[in-house]
Amino acid sequence: MLKTVLLNGKKLPVPVPVKNVDEALSWLEEYLVGPRKTITRIELDGVIVDDHHMSQTLSDSSRLVVQADSAIELAIQTIDALRNLVGVMLRDIKHCAVQVYKMQADEDQSFLNDFLSDLVLILELAEHLFGLVGGHIEPGDLLAALELVNNSRVQVEEARKQLNLPVVARLILQFLEPQIQDVSNRLVAFQKQVLELDSPR
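Rules and cut-offs
- Residues numbered from 1 in each chain as written.
- Predicted model: local features only at pLDDT ≥ 70, side-chain atom pairs only at ≥ 80, totals over all residues.
- Heavy atoms only, no water.
- Phe/Tyr/Trp six-rings, centres within 6.5 Å; stacked < 30°, edge-to-face > 60°.
- Helix = DSSP H or I, 4+ residues; strand = E, 2+ residues; numbered from the N terminus.
- Buried < 20%, exposed > 50% of the residue type's maximum accessible area, 1.4 Å probe, protein only.
- Pairing = 2+ DSSP bridges.
- Salt bridge = Lys/Arg side-chain N within 4 Å of Asp/Glu carboxyl O.
- Polar contact = N/O pair within 3.5 Å; in protein donor to acceptor, adjacent residues only side chain to side chain.
- Contact = heavy atoms within 4.5 Å.
- Expected span 1.5 Å × (residues − 1).
- Core = buried A, V, L, I, M, F, W, Y, C linked by side-chain atoms within 4.5 Å.

**Student:** Which residues make up the packing of aromatic side chains, and what values do they have?
**Tutor:** Think of a pair of aromatic rings as described by two things: how far the centres are apart, and how the planes are tilted against each other in angle. Going through the model one piece at a time under the given rule, you end up with one aromatic pair. For the ring pair Phe-130 and Phe-190, a centre distance of 5.8 Å and an interplane angle of 75 degrees mean the geometry is edge-to-face. Separated by 60 residues along the polypeptide, Phe-130 in helix H3 (residues 110-133) and Phe-190 in helix H5 (residues 165-198) bring together distant segments of the chain. By the burial criterion, Phe-130 is buried, and Phe-190 matches it.

Here it is, written out as structure tokens:
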């Protein structure tokens, strides 16, 4: 039977008999995690646990590590990831545009693929973020800024399909760079609003 569990870095005794991971999580959710938090990471003996390992038997020597976060905590983590990604894109965007402008249609375009994939990732992370804070903060200005980025991304994809790389480069420099900078600025304000939600009243 499991004797202790590490929850958010704190070692806690397990006073009830739990035979497997599923029973351990049920006990944690009922008595320690509470309704405002969600278990976001489970590790057993150094291995990440997924749905297929929930029935795995636990022993006295098992090391169960659990991370539980609130929606606001997850939102803060998501904003950090977004700001980092946006910062990297802004640092590299001029170089990307110059490379695209010089490029021939039959040349390797992997760096452009990466750039466009990062744009999609920004939009997906933002959608996840808005889901986490829904009902608490109106996305307003940040959402509008992201919609402009997505519109420009679609235009870039269209120009690329037509092999019009000078237009792709122009769209990146003239539209996407200032739009991504605007997203970066608005993320700072949005982060302040989320941090206010997390601060004790």
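**Student:** Give a detailed account of the pairing of strand E3 (residues 37-44), specifying residues and quantitative values.
**Tutor:** Bridge count between E3 and strand E5 (residues 64-70): seven bridges; the pairing is antiparallel. In the sheet register, Glu-43 faces E5, and the bridge partner there is Val-65. Taken together, E3 and the strand that follows it, strand E4 (residues 47-48), pair antiparallel across an intervening segment of two residues, in which Asp-45 is found at a positive phi of about 50 degrees.

**Student:** Account for unusual backbone geometry, naming residues and giving values.
**Tutor:** Glycine aside, residues mostly have negative phi, and peptide bonds are mostly found in the trans state. Unlike most non-glycine residues, Asp-45 shows phi in positive territory, near 50 degrees. Tracing the sequence through the fold places Asp-45 in the loop between E3 and E4. You can call Asp-45 partly exposed: its relative accessible area is 47%. Even without being a glycine, Leu-163 presents a positive backbone phi close to 60 degrees. Taking relative accessible area as the criterion, Leu-163 reaches 56% and is therefore assigned exposed.

**Student:** Help me get a handle on the pattern of salt bridges, residues and values and all.
**Tutor:** The full count for this structure, using the stated rule, is seven salt bridges. The shortest N-O distance in the salt bridge between Arg-186 and Asp-141 comes to 3.5 Å. Here Arg-186 is found in helix H5, whereas its partner Asp-141 is found in helix H4 (residues 140-161), with 45 residues between them in sequence. By relative accessible area, Arg-186 is classed as partly exposed at 30%.

**Student:** Which residues make up the side chain of Glu-43, and what are the values?
**Tutor:** Mapping Glu-43 onto the fold places it in strand E3. Look at Glu-43 and you get buried, because its relative accessible area is 17%. At 3.1 Å, the side chain of Glu-43 forms a polar contact with the side chain of Arg-41. Sequence-distant contacts of Glu-43, defined by excluding residues within four places in its chain, comprise Ile-48, Val-49, Arg-63, Leu-64 and Val-65.

**Student:** How would you summarise the environment of Ala-145 if you had to cite specific residues and measurements?
**Tutor:** On the secondary structure map, Ala-145 appears in helix H4. Take Ala-145: its relative accessible area is 3%, and that puts it in the buried class. Distance in space between the C-alpha atoms of Ala-145 and Val-65 is 39 Å, their sequence separation being 80 residues. Each residue touching Ala-145, except ones within four places of it in the same chain, is listed here: Asp-182, Val-183 and Arg-186.

**Student:** Outline H3, listing residues and values.
**Tutor:** Under the 1.5 Å per step criterion, the end-to-end length of H3 is 35 Å for 24 residues, consistent within 8% with the ideal 34 Å. Of the residues making up H3, those classed as buried are Leu-112, Phe-115, Leu-116, Leu-119, Ile-122, Leu-123, Leu-125, Ala-126, Leu-129, Phe-130, Leu-132 and Val-133. Immediately beyond the C-terminal end of H3, within one or two residues, lies Gly-135, with a positive phi of roughly 90 degrees.

**Student:** Would you mind going over the nonpolar core in detail, with residue names and values included?
**Tutor:** Most often, soluble globular proteins have nonpolar side chains that are buried together. If you look at the biggest cluster of nonpolar residues, it comprises 45 residues, and the most contacted ones within it are Val-100, Phe-115, Ile-172, Leu-176, Ile-180, Phe-190 and Val-194. Only helix H2 (71-102), H3, H4 and H5 provide two or more residues apiece to this core. In terms of residue count, H2 provides more of this core than any other element does, 14 residues in total. Ignoring any residue separated from it by four or fewer positions in sequence, one finds Phe-115 in contact with Met-89, Ile-93, Cys-96, Ile-172 and Leu-176. Among the nonpolar cores identified, the runner-up in size contains 20 residues, and Val-14, Val-21, Met-54 and Val-66 belong to it.

**Student:** Account for the side chain of Gln-191, naming residues and giving values.
**Tutor:** Topologically, Gln-191 is positioned in helix H5. The class of Gln-191 is buried, set by a relative accessible area of 13%. At a separation of 3.2 Å, a polar atom in the side chain of Gln-191 contacts the side chain of Asp-80.

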